[in-house]
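Residue-level structure breakdown
Now for the letters of each chain:
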Amino acid sequence: MTAVVGAAEGPGDLQGSAARWRRRYAVDRIMRWGLPLALLVVLAPLFDMIYWIAVRALPTFTLATLTTDQVGLGGGLYAMIVGSFTLLGLATGFAAAVGIAAGMYTAEYAPPPVARWARVAGNLLAGIPAIVLGYFGYYALVLYTHWGYTTLAGGITLGVFMVPFIYRTADLAFANVPSEQREAALAMGARPGQYLTRVAWPIALPAILSGVFLAMAIGLGETAPLLYTAGWSSTPVAGLFQPTSFLTGAIWNFYDYPATEGSFQALAFQAAFLLLVLVIGLNVVVQAVAERYRRRTRGMRA
Amino acid sequence: MTEPERGGPRGSDPILSVRHLTVRAPNRTILDDVSLDFEDREVAAIIGPSGCGKTTLVRALNRMAEVAPGIRIEGSVRYRGEEIYDPAVNPVLVRQRIGMVFQRPVPFPMSIYENVAFGLRLQGIDEEELDRTVRRSLEQAGLWKELDGDVERSGLTLSGGQQQRLCIARALAVKPRILLMDEPAASLDPTATQRIEELIFDLRKEYAVILVTHNMQQAARVAERTAFFYQGRLIEYSDTHQLFENPREKLTESYVTGRFG
């Protein structure tokens, strides 16, 4: 059979129907200008916010802002920085240990129905409003324990808030290890625990780490779980069972004071600026870790 | 089928002896009452069309079949007279004696050295012994010279054929007696395939090799004995030459002459 190429088309078939072409070009123009515009609308508030905070924070932002305590109506953020990192450290320690272990169990050991429900429950926990969690922390760790406002109560409540983010990424990280790797490890005589620690763990680690850093970035910027649990203190945290201040609390507490120089309101903006820098920094770390992950497993079949 | 069909004279006791092996998945029977023997220091090929149970057979021989959920196994598999499905037997030890190489190379995401050392480290072997065994295993797998001493780079940087030989070295390092190979060359190009076949040919001097393949030429090239499976049943098991040139069963004949499969 011989192929008949273009036999039915006469002269002029390089031009086609003009009306159809006009319509296609119109669609193309909308896409070309409309889509970037949508992206601009998405990103504009971010840059506007960074600018808006920077111009209010930077004129009075000095090294002393980071190193001195709050004094009278002004002073520095030192106590809040120490408080925020203490709370974040406690929360991350708790959330990472529990979240990674639970993720490991869900991905490797849990019977399929258990794993299914655990994943649903994990997502549910991630969706609980932070303020509800904060109130729960207040009831369980401040009132019920008779501790009062403490750094420990704040750290644990913040940890509970962060757990589902770490749990989800850890579960996914282990579940995404190619099943061939598991089979090959077992066929070498590895027990499931040895497979997890020697083969799955190094493969999953970068993804788990980026989950932990992401949870830290989210936790660092969280206010609600701490308001009713950590209390407040104008001096650096003195112990786990003492109250503490924290950076987001500075914004919450000081924002509506009068805007005079060296005032509480300036502290609020400085805290906001510092938080922004820290959160962006953590996100950069997440990207770097993710990139390393891609490099490490390049050439491995999914 | 009561007794395995014997394809020629045999010397010593079989290294692996399969009797009435039946493997069931939740809704079908994958292997149906299979009995056959494998001899030490021989290559046996398992051939048959897709879905005939070849892969399940080799997975049942080192207790890997049970790793998949819902699999039920009946019958007996004896390794040098010892029942591997005895409840007192540790499947981990079975898998160390009876090594496995998969269809696609699966290097662990670690250095070449650590890949080969993996099984030994599980057993807690000392460092000096480790160095020697890693080197010897890489030599046996024909990879040592090509690496030029660079065993610290990632196993994932090797070519597909090299990765597969790395996996063979890794399996050899724990000193198995039997090597199960599930279409080890299926994902490789002809040159790499040839190297694997030459390697299998050499391995017979020290090991029993059970090779699953859908490539009949490959079976003819490397195997002393060949078993033909069809729909979960062992149809014929005999000397490779006889099976290909003068099969006893009609079904075998139609398969080896390419009439189906």
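A brief look at the structure comes next.

Points about the sheet that holds strand E4 (residues 72-79) of chain B
Residue and element names in this part refer to chain B. Taken in spatial order, the four strands of this open sheet run E2-E1-E4-E5, and their pairing is antiparallel. In this open sheet, the two edge strands, each paired with only one partner strand, are strand E2 (28-38) and strand E5 (82-83). Pairing geometry for strand E1 (residues 16-25) and E2, over seven bridges, is antiparallel. Directly across from Ala-25, in E2, lies its bridge partner Arg-28. In the packing of helix H1 (residues 54-61) onto the sheet, the strands contacted are E1, E2 and E4, and the crossing angle to E1 comes to about 120°.

What about the environment of Asn-253 of chain A?
As for its position among the elements, Asn-253 of chain A is in helix H10 (residues 247-254). C-alpha of Asn-253 of chain A to C-alpha of Leu-267 of chain A: the two residues are 14 residues apart in sequence and 10.0 Å apart in space.

Looking at the interface of chain A and chain B
Contacts between chain A and chain B engage 22 residues on the former and 23 residues on the latter. Our enumeration of links across chain A and chain B arrives at two salt bridges. Residue Glu-180 of chain A pairs with Arg-104 of chain B through a salt bridge whose shortest N-O separation is 2.6 Å. It is helix H7 (residues 179-187) of chain A that contributes the most residues to the side of chain A that touches chain B, eight residues altogether.

Here's the deal with unusual backbone geometry
Even without a glycine there, the phi angle at His-146 of chain A is positive, about 60°. In this structure, His-146 of chain A sits in the loop between helix H5 (130-143) and helix H6 (151-175). Residue His-146 of chain A is classed as exposed on the basis of its relative accessible area of 72%. Residue Lys-175 of chain B is not a glycine yet carries a positive backbone phi of 55°.

Let's talk about a nonpolar patch on the surface
Residues and elements named next belong to chain A. Where nonpolar side chains cluster on the molecular surface, the patch consists of Leu-125, Ile-128, Ile-131, Val-132, Tyr-135, Tyr-139, Leu-143, Tyr-149 and Tyr-228 and spans about 820 Å² of accessible area. Here the nonpolar patch takes five residues from H5, the largest share from any one element. Within the secondary structure, Leu-125 sits in helix H4 (residues 112-127). Given a relative accessible area of 31%, Leu-125 falls into the partly exposed group.

Details of the pairing of strand E9 (residues 225-230) of chain B
Residues and elements named next belong to chain B. Burial within E9 is extensive, with five of its six residues counted as buried. Bridge count between strand E3 (residues 43-47) and E9: four bridges; the pairing is parallel. The residue bridging Ala-45 from the neighbouring strand is Thr-226, located in E9. As paired strands, E9 and strand E10 (residues 233-239) are joined by six bridges and run antiparallel to one another. By the bridge assignment, Thr-226 is partnered in E10 with Ser-238. Hairpin connection between E9 and E10: a loop of two residues separates the two successive antiparallel strands, and Gln-231 in this loop has a positive phi of roughly 50°.

Examining the pairing of E4 of chain B
Residue and element names in this part refer to chain B. Bridge count between E1 and E4: seven bridges; the pairing is antiparallel. By the bridge assignment, Arg-19 is partnered in E4 with Ser-76. In this structure, E4 lies alongside E5, joined through two bridges in antiparallel fashion. Paired with Tyr-79 across the bridge in E5 is Glu-82. In textbook terms, the turn of a hairpin is the stretch between consecutive antiparallel strands, and for E4 and E5 this stretch comprises two residues, one of which, Arg-80, has a positive phi near 45°.

Some words on the sheet that holds E9 of chain B
Residues and elements named next belong to chain B. A sheet is described by the order of its strands in space; here six strands give the open sequence E6-E7-E8-E3-E9-E10, paired in mixed fashion. The outermost strands of the open sheet, each flanked by one partner alone, are strand E6 (98-101) and E10. Here the average twist between neighbouring strands, direction ignored, is 20°. The sheet contact formed by E6 and strand E7 (residues 178-182) spans four bridges and is parallel. Within the sheet, the bridge partner assigned to Ile-98 lies in E7 and is Ile-178. Along the sheet face, helix H6 (residues 160-173) touches E6 and E7 and points at about 170° away from the line of E6.

Parameters and conventions
Residues numbered from 1 in each chain as written. Chains lettered and ligands numbered in written order. Predicted model: local features only at pLDDT ≥ 70, side-chain atom pairs only at ≥ 80, totals over all residues. Heavy atoms only, no water. Pairing = 2+ DSSP bridges. Helix = DSSP H or I, 4+ residues; strand = E, 2+ residues; numbered from the N terminus. Contact = heavy atoms within 4.5 Å. Axes fitted to C-alpha atoms, helices over the stretch in contact; angles between N-to-C directions. Salt bridge = Lys/Arg side-chain N within 4 Å of Asp/Glu carboxyl O. Buried < 20%, exposed > 50% of the residue type's maximum accessible area, 1.4 Å probe, protein only. Patch = residues over 30% accessible without salt bridge, like charges linked within 9 Å, V, L, I, M, F, W, Y side chains within 5 Å. Areas by Shrake-Rupley, 256 points an atom, 1.4 Å probe, with all protein chains shown as cover.

Fair warning: the whole summary comes from geometry, so function is off the table for now.
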